[in-house]
Amino acid sequence: MNLNSLVKNNKKKIRVGRGIGSGKGKTSSRGHKGQKSRSGVAIKSFEGGQMPLYRRLPKRGFKTFAKEKIAILNLSKLQIILEKNKDSIKNNLDLKLLKEKKLINKKYQKLKILGSGEIKKNIEITAHFASKQALAKIEKVGGKLSIVKK
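Predicted model only: the values in this text are computed from it and were never measured.

A. Structural detail: the overall build of the protein. Along the protein, the regular secondary structure elements total five helices and six strands. Along the protein, from the amino end to the carboxyl end, the secondary structure elements read α-α-β-α-β-α-β-β-β-α-β. On C-alpha atoms alone, the protein measures out to a radius of gyration of 34 Å, which is more than a quarter above the 15 Å that the 2.2 N^0.38 rule sets for 150 residues. With the C-alpha coordinates of the protein rotated into their principal frame, the extents come out at 100 × 55 × 25 Å. Put simply, the protein has 150 residues, and 21% of those count as buried. A separation of at least 24 residues holds for 41% of the contacts in the protein among residues at least 6 apart in sequence. With an accessible surface of roughly 12800 Å², the protein has 52% of that area assigned to carbon and sulfur atoms. Positive and negative charge centroids in the protein, built from 40 and 9 side chains respectively, lie 26 Å apart.

B. Structural detail: the sheet that holds strand S4 (residues 124–127). An order of S2-S4-S6 is seen for the three strands of this open sheet, with the pairing classed as parallel. One side of each edge strand has no neighbouring strand; the edge strands of this open sheet are strand S2 (92–93) and strand S6 (144–147). Sheet topology places S2 next to S4; two bridges connect them, and they run parallel. Looking at S4, one finds that Leu93 is bridged to Ile125.

C. The nonpolar core, seen in detail. Among the nonpolar cores identified, the biggest contains 21 residues, and Leu78, Leu93, Leu111, Ile113 and Ile125 are the most heavily contacted of them. When contributions to this core are tallied by element, the ones reaching two or more residues are strand S1 (70–74), helix H3 (75–84), helix H4 (95–100), strand S3 (110–114), S4 and helix H5 (132–140). With four residues, H3 is the single largest residue contributor to this core. Discounting residues that sit within four places of it in the chain, Leu111 has contacts with Ile70, Ala71, Leu73, Asp94, Leu95, Leu98, Thr126, Ala127, His128 and Phe129.

D. Region of interest: the sheet that holds strand S5 (residues 129–130). On the basis of which strands lie adjacent, the open sheet formed by three strands has the order S1-S3-S5 and parallel pairing. The sheet terminates laterally at S1 and S5, the two strands that pair on one side only. Along the sheet, H3 makes contact with S1 and S3, crossing S1 at roughly 85 degrees.

E. Up close: a positive patch on the surface. A grouping of Lys63, Lys67, Lys69 and Lys107 is seen on the molecular surface, where their side chains present a positively charged patch. Tracing the backbone through its elements, the reader meets Lys63 in the loop between helix H2 (53–56) and S1. The exposure class of Lys63 is exposed, given its relative accessible area of 76%.

F. Expanded view of the side chain of Ser37. Locating Ser37 in the fold gives a position in the loop between helix H1 (3–6) and H2. Owing to a relative accessible area of 18%, Ser37 belongs among the buried residues under this scheme. A polar contact of 2.8 Å, which involves the side chain of Ser37, links it to the backbone oxygen of Gly34.

What counts, and at which threshold
Residues numbered from 1 in each chain as written. Predicted model: local features only at pLDDT ≥ 70, side-chain atom pairs only at ≥ 80, totals over all residues. Heavy atoms only, no water. Helix = DSSP H or I, 4+ residues; strand = E, 2+ residues; numbered from the N terminus. Rg over C-alpha atoms; globule rule 2.2 N^0.38 Å. Buried < 20%, exposed > 50% of the residue type's maximum accessible area, 1.4 Å probe, protein only. Contact = heavy atoms within 4.5 Å. Areas by Shrake-Rupley, 256 points an atom, 1.4 Å probe, with all protein chains shown as cover. Lys, Arg positive; Asp, Glu negative; His and termini not counted. Charge placed at Lys NZ, Arg CZ, Asp CG, Glu CD. Pairing = 2+ DSSP bridges. Core = buried A, V, L, I, M, F, W, Y, C linked by side-chain atoms within 4.5 Å. Axes fitted to C-alpha atoms, helices over the stretch in contact; angles between N-to-C directions. Patch = residues over 30% accessible without salt bridge, like charges linked within 9 Å, V, L, I, M, F, W, Y side chains within 5 Å. Salt bridge = Lys/Arg side-chain N within 4 Å of Asp/Glu carboxyl O. Polar contact = N/O pair within 3.5 Å; in protein donor to acceptor, adjacent residues only side chain to side chain.

See the structure below:
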């Protein structure tokens with residue numbers, strides 16, 4: 001004997017619209033006339049005149065289509081990178097090198113240097129954008145920051 005024959009469901013499905021004697025005949029529990037009595041009609045998100053949920057909730061946010069993928073590096077983070085990779089990074093640092101060493105994600109297309117933190121090593125950095133503070137701090141330790149123009 002298989003499991004299905006032991007566990008039986010003895011309830012029969014109610015067949016609507018099969019005569020007046022069944023108790024579910026004629027209108028098949030749909031009431032009379034109206035949109036909901038018709039076949040193939042579903043009133044999605046209609047809440048009986050109550051303000052629907054999608055209109056009760058506030059509109060939030062905005063996603064721009066042309067989002068530029070810019071890697072943002074603070075000087076403090078740059079200093080940590082230089083300390084960890086003393087032997088591999090000599091004196092030049094740019095986006096291509098950071099991608100090769102897998103220090104930043106390959107999805108980034110541009111590099112931005114910000115001035116939070118301190119940098120100790122004099123190094124030549126090539127970036128697309130840089131803040132005035134970052135430029136001043138890099139030049140203070142004897143480094144050079146060149147900006148790529150497109």
